[in-house]
Amino acid sequence: MTGAPPPAPLDELAAPGGPLERLVADGLRAAGTGGVWSVGDAGGARGRGRAGVLGRGPYGERPMGHDTVFDLASVTKIIALWPCAGALRQAGLLPLDRPLGDYWRPAAGRPVGSVTARQLLTHTAGLPLRTRFAELYGSDPAAIRAGVLTAPLHRPPGAAVEYTDRAAVLLGHLVESLAGAPLDELAARQTWRPLGMADTRYGPLGPRDADRTAPTEYERTVGGVLCGLVHDPSARLLGGVSGNAGAFSTARDLERFLTALLDPPAGAELPWGEPWITESLRVHTGGLAPARGLSWLCAAGTDPAEGTFVHYGFTGTGIWVSRRRGRWALLLTNKVHYGRDFQPLTDLRNAFRRAVFG
């Protein structure tokens, strides 16, 4: 909250055997999962830790590490979709406040034609809250995209903040259409390669990553535990490449990404750097709650004016950044592998955020 004392220096917090190491180890034990964490600033990582193993059964002999590959789930919205949207915005090709139907032919005359890109980025577009893609549209990606375009709105655009994967699926479709390339190619070219994120990619992952990939859940339709195949069913129906989910990454790669948000590297040629980063990391939802930036969520328990932003992934992943504090943090787990009681992980995330950002 406003007026809270500033957090301790990162070097003190993240020292071996220090407050963060103890907090995360205890929290992961309570949550019943392994994981890795990092904290840093504009100069890079200032501390790291890990605990536990990749999973149960055959995964139980492999320790978590900063080169462990995680299914990021909805953190894909940040490390893939958000930069690609920013590149289009800064090229003058993505107007944030014009109705989609005014400049994107597939949306013209459709319910989503009255929605804006800003509303998609802030989850205020009024789209249906659930995906239900297989039930409503079948398994053909083209039919799913058509269904998202033609679905009636859940409520008038701009009336409420309601998180829905449909917003990211639709925005991903729009970004691909305006840029003339698939989202995985755009993300690799505009973000992952320039930042040296060599382990970040959309799945399915190949054999070379098998021994260091954290498994997620058992999936009946594939007859086994998902490991290197996207957990999110909507992204899976869309071929594994979607705006809402599908990307895999490591803590070391995400450290590079988060550091760049505080100090975009010279010579990296990021087409989405400034002013997109500054524009996104401020509140765009007015008096609506919960307060959101562009793609980012104002961290629960903080005053939006303090500028601590977060994004979580359903599999158990999370990243935070605060330009005001000049620091970032990540906590990556595969909690869903062990069950869907997320309250202990939620408690850990909140305690971790308080320790790092206040």
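Conventions and cut-offs
Residues numbered from 1 in each chain as written. Predicted model: local features only at pLDDT ≥ 70, side-chain atom pairs only at ≥ 80, totals over all residues. Heavy atoms only, no water. Helix = DSSP H or I, 4+ residues; strand = E, 2+ residues; numbered from the N terminus. Rg over C-alpha atoms; globule rule 2.2 N^0.38 Å. Buried < 20%, exposed > 50% of the residue type's maximum accessible area, 1.4 Å probe, protein only. Contact = heavy atoms within 4.5 Å. Phe/Tyr/Trp six-rings, centres within 6.5 Å; stacked < 30°, edge-to-face > 60°. Lys NZ or Arg CZ within 6 Å of the ring centre and 35° of its normal.

Colleague: Sorry, what's going on with the overall build of the protein chain here?
Modeller: For the protein chain, the count of helices and strands is 13 helices and 11 strands. Compactness check: the protein chain gives a C-alpha radius of gyration of 19 Å against a globular reference of 21 Å for 358 residues, within 12% of the reference. A principal-axis box enclosing the C-alpha atoms of the protein chain has dimensions of 60 × 50 × 40 Å. In the protein chain, which comprises 358 residues, the proportion classed as buried is 57%. For the protein chain, the proportion of contacts with a sequence separation of at least 24, taken over those separated by at least 6, is 67%.

Colleague: Got a minute to help me understand unusual backbone geometry in this structure?
Modeller: Generally, phi is negative for residues other than glycine and the peptide bonds are trans, each holding for most cases. The omega torsion across Glu274 and Pro275 is 5°, close enough to zero to call that bond cis. Along the chain, Pro275 falls in the loop between α11 (251-262) and α12 (276-280). Put simply, Ala289 and Pro290 share a cis peptide bond, and its omega is 0°. Tracing the chain through its elements places Pro290 in the loop between α12 and β8 (297-298). Phi at His123 is positive, roughly 60°, even though this residue is not glycine. Residue position: His123 is located in the loop between α5 (117-122) and α6 (133-137). Owing to a relative accessible area of 5%, His123 belongs among the buried residues under this scheme.

Colleague: What is the right way to look at the packing of aromatic side chains in this model?
Modeller: Here the distance between the centres and the angle between the planes together describe a pair of aromatic rings. Applying the stated criterion across every chain yields a total of 10 aromatic pairs. Among the aromatic residues, those joined into a cluster by ring pairs are Trp82, Phe257, Trp272, Trp276 and Trp296. Over the ring of Phe342 we find Lys335; its NZ or CZ atom is 5.9 Å from the centre of that ring.

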